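Fold and geometry: a report
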Amino acid sequence: MRTMGDIPENIPIITQEMMEKTTTEIAKRNTGEKESPMRGIKDIKCPSCGDNTMSYADDLAFDVILSGERIVIPNLTGLKCSKCGEAAFDASSTKIIDSLNLMT
Ligand SMILES: [Zn+2]
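Residues numbered from 1 in each chain as written. Predicted model: local features only at pLDDT ≥ 70, side-chain atom pairs only at ≥ 80, totals over all residues.

A few words now on the nonpolar core. One finds Met38, Cys46, Met54, Ala57, Leu79 and Cys81 forming the largest nonpolar core, which totals 6 residues. Listing elements by their share of this core, those giving two or more residues are β1 (54-66) and β2 (69-81). Residues contacting cysteine 81, with those up to four places away along its chain left out, are Cys46, Ser48, Cys49, Thr53, Met54 and Glu86. (Core = buried A, V, L, I, M, F, W, Y, C linked by C-beta atoms within 7 Å. Buried ≥ 20, exposed ≤ 12 C-beta atoms within 10 Å, placed from the backbone. Helix = DSSP H or I, 4+ residues; strand = E, 2+ residues; numbered from the N terminus. Contact = placed C-beta atoms within 7 Å.)

Structure representation (structure tokens):
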């Protein structure tokens, strides 16, 4: 459905449809359908500070600015350093983030 034909393709627009799709993906993951392969990882070496303080986390959040609007994606899974706060997202979280980054 395209009613704004005079807007060039390369202008990033986040549509309601896109947000709903992302929300659906998050909801799917929250049902435990797919468990993160990183679950259970504990005290591995942090690439940022070098200490063995990186562990699995399921409460990560990712901030992104789209079209001047700040969007926070909550409840992402991955690894987080308890010392410096460095975070690494797992595959399913990265996929959700990428789907937003593609529009920037
Ligand atoms: Zn660290």
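This is not the end of the story, as more comes after the structure.
What follows deals with the sheet that holds β1. Across the sheet, which stays open at both edges, the 3 strands sit in the order β1-β2-β3 with antiparallel pairing between neighbours. If you trace the sheet from one side to the other, it starts and ends with β1 and β3 (87-89), each paired once. Averaged over all pairs of adjacent strands, the angle between strand axes in this sheet comes to 50°, irrespective of strand direction. Two strands pair when backbone bridges link them, and β2 and β3 are joined in this way by 3 bridges, in the antiparallel orientation. The residue bridging glycine 78 from the neighbouring strand is phenylalanine 89, located in β3. Sheet contacts for helix α2 (residues 91-101): β1, β2 and β3; angle to β2, the most-contacted strand, approximately 160°. (Pairing = 2+ DSSP bridges. Axes fitted to C-alpha atoms, helices over the stretch in contact; angles between N-to-C directions.)

Taken residue by residue, the chain gives an average pLDDT of 82. The fraction at 70 or more is 76%. For the chain, helix α1 (residues 16-30) is the element with the lowest average pLDDT, namely 70, and β3 is the one with the highest, namely 94. (pLDDT = per-residue confidence, 0-100.)

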